[in-house]
Amino acid sequence: MTDDNGEVTAGPGIEVAVVSGLSGAGRSTAAKVLEDLGWFVVDNLPPELIATMVELGSRARGEVARIAVVMDVRSRAFTDDLGAVIKDLDGRGYRPKLLFLEASDAVLVRRFEQNRRSHPLQGAGRITDGLGAEREVLRPLREDADLVVDTSNLSVHDLRTRIEGSFAQESAHAATRVTVLSFGYKYGLPLDSDLVVDVRFLPNPHWIPELRPFTGRDREVSDYVLSQEGAEEFVDRYLELLDLVGAGYRREGKRYLTVAVGCTGGKHRSVAISEEIGRRLADREGIQVNVEHRDMGRE
């Protein structure tokens, strides 16, 4: 359901959303945005299984609070079944929200041509033939949609903002998920890191016999590393940088950030600094922190 401002309002209990629309109109982007907002997203689940999924989610003791199902026309008969499922869920009090994405034929044809894809319904015809057939198949869903978004003139960022404004509660303050990952350079750089920082400028506890058996998670090593000249100042300055970068990422709609901290073996310095960065980030509002140590224990 939508309010007078066009925003989607929450129903009682678990929230349910159905995302559908024309091929090429942005369903995949919508799904990613909803995932970033904390929705459990299922792509192209058969209509007859949607109610089962919702029921299972409602029994998850709060672990699954929002379920979004992304549907398309890979099954020509799905619209009638989907309509019945939506009415059934509504009757049970779930009040599913239906988001429908569309765009002009000219824009959709251009998108298909840029990606060198055929339309799933065009058969032996042209892309426009497939689009026409798809519009007819989806017409009942569009008429019943809570929110229709025309993406013809929207960038990916614009679409993200529109969906966040309709589906997120105080989306501007949604948490940024930061993973702080320690690693050893001798095992290679982490491929999935957004930022990489090198702490090999600090003295290596490996060369101190009484510290060598411990890791950066042990107090003895942590105190040693953080007491070195420049260590505390480095952490302070790097957190300032992360604040700046994080704010920019949020403006661009990126709510996941992986920060890699490296030393030679990934056992002492990078672990201690990662733990300290993670501890301080956890005190910041709007940030969820996970600290991982990729190479600790490999030596």
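Just so we're clear, the structure is a prediction, and the values are computed from it rather than from any experiment.

1. Overview of the overall build of the chain
No. 1: A tally of helices and strands in the chain yields nine helices and nine strands.
No. 2: Taking the contacts inside the chain whose residues are at least 6 apart along the sequence as the reference set, 78% of them involve residues at least 24 apart.

2. So, the sheet that holds strand E7 (residues 195-198)
No. 1: Ordered in space as E7-E8-E6-E9, the four strands form an open sheet in which the pairing is parallel. Looking along the sheet, the strands with just one partner apiece sit at the ends: E7 and strand E9 (287-293). Strand-to-strand twist across the sheet, computed as the mean angle between neighbouring axes with direction ignored, equals 20 degrees.
No. 2: Where E7 and strand E8 (residues 256-263) come together, four bridges link them in parallel fashion. Bridging across to E8, Leu195 finds its partner in Val259.
No. 3: Set on the sheet, helix H9 (residues 269-281) makes contact with strand E6 (176-184), E8 and E9; between it and E6 the angle comes to about 170 degrees.

3. So, the side chain of Asn204
No. 1: With respect to the secondary-structure elements, Asn204 resides in the loop between E7 and helix H7 (219-226).
No. 2: Here His206 takes part through its backbone nitrogen, which lies 3.0 Å from a polar atom of the side chain of Asn204.
No. 3: If sequence neighbours within four positions are ignored, Asn204 has contacts with His268 and Arg269.

4. Considerations on the pattern of salt bridges
No. 1: What the rule picks out here adds up to 20 salt bridges.
No. 2: The residue Arg200 makes a salt bridge to Asp198 at a minimum N-O spacing of 2.8 Å.
No. 3: According to the relative accessible area criterion, Arg200 is partly exposed, its value standing at 38%.
No. 4: Residues joined in a network through salt bridges with shared partners are Glu232, Asp236, Glu276, Arg279 and Arg280.

5. What about the side chain of Ser274?
No. 1: The residue Ser274 is located in helix H9 in this model.
No. 2: There is a polar contact of 2.7 Å between the side chain of Ser274 and the backbone oxygen of Ser270.
No. 3: Setting aside anything within four residues of it in sequence, one finds Ser274 in contact with Val180, Leu181, Ser182, Val261, Val291 and His293.

6. Digging into the sheet that holds strand E3 (residues 66-70)
No. 1: Reading across the sheet, the five strands line up as E2-E3-E1-E4-E5 and stay open at both edges, with parallel pairing between neighbours. Each end of this open sheet is capped by a strand with a single partner; those strands are strand E2 (40-43) and strand E5 (147-150). Taken over all neighbouring pairs, the strand axes of this sheet differ in orientation by 20 degrees on average, direction set aside.
No. 2: As judged from the five bridges shared by strand E1 (residues 15-21) and E3, these two strands associate in the parallel manner. Its bridge partner lying in E3, Glu15 is registered against Arg66.
No. 3: Sheet strands in contact with helix H1 (residues 27-36) are E1, E2, E3 and strand E4 (97-102), and its direction is about 160 degrees off that of E1.

7. Observations concerning the layout of surface pockets
No. 1: Taken as a whole, the largest pocket spans an internal volume of roughly 530 Å³.
No. 2: Around the largest pocket, the lining comprises 23 residues; the ones closest to its centre are Gly24, Ala25, Gly26, Arg27 and Ser28.
No. 3: Every element with two or more residues in the lining of the largest pocket is listed here: H1, E2, helix H4 (105-115) and helix H6 (156-167).
No. 4: Examining the composition of the lining of the largest pocket, we find that four residues originate from one element, H1, more than from any other.
No. 5: Of the residues belonging to the lining of the largest pocket, the class tally is nine nonpolar, eight polar and six charged.
No. 6: Taken together, 11 residues make up the lining of the second largest pocket; nearest its centre are Ile86, Lys87, Pro96, Asp144 and Asp146.
No. 7: Those elements that place two or more of their residues in the lining of the second largest pocket are helix H3 (78-91) and helix H5 (127-144).
No. 8: Considered class by class, the residues forming the lining of the second largest pocket number five nonpolar, one polar and five charged.

8. Brief notes about the packing of H7 against H9
No. 1: Look at H7 against H9: their axes get within 9 Å of each other, and the N-to-C directions meet at 85 degrees. The angle between the axes of H7 and H9 places the two elements in the roughly perpendicular class. For the pair H7 and H9, the contacting residues are Ser222, Val225 and Leu226 in the first and Arg269, Ala272, Ile273 and Glu276 in the second.
No. 2: Across the contact of H7 with H9, the residue classes break down as four nonpolar, one polar and two charged.

Rules used throughout
- Residues numbered from 1 in each chain as written.
- Predicted model: local features only at pLDDT ≥ 70, side-chain atom pairs only at ≥ 80, totals over all residues.
- Heavy atoms only, no water.
- Helix = DSSP H or I, 4+ residues; strand = E, 2+ residues; numbered from the N terminus.
- Contact = heavy atoms within 4.5 Å.
- Pairing = 2+ DSSP bridges.
- Axes fitted to C-alpha atoms, helices over the stretch in contact; angles between N-to-C directions.
- Polar contact = N/O pair within 3.5 Å; in protein donor to acceptor, adjacent residues only side chain to side chain.
- Salt bridge = Lys/Arg side-chain N within 4 Å of Asp/Glu carboxyl O.
- Buried < 20%, exposed > 50% of the residue type's maximum accessible area, 1.4 Å probe, protein only.
- 1 Å grid on protein atoms, 1.4 Å probe; cavity = no way out; pocket = protein on both sides within 12 Å on 5 of 7 lines; lining within 4 Å.
- Points joined across faces, edges and corners; volume = space filled by probe spheres on them.
- Nonpolar A, V, L, I, M, F, W, Y, C, P; charged D, E, K, R; others polar.
- Parallel < 35°, antiparallel > 145°, perpendicular 65-115°, else oblique.

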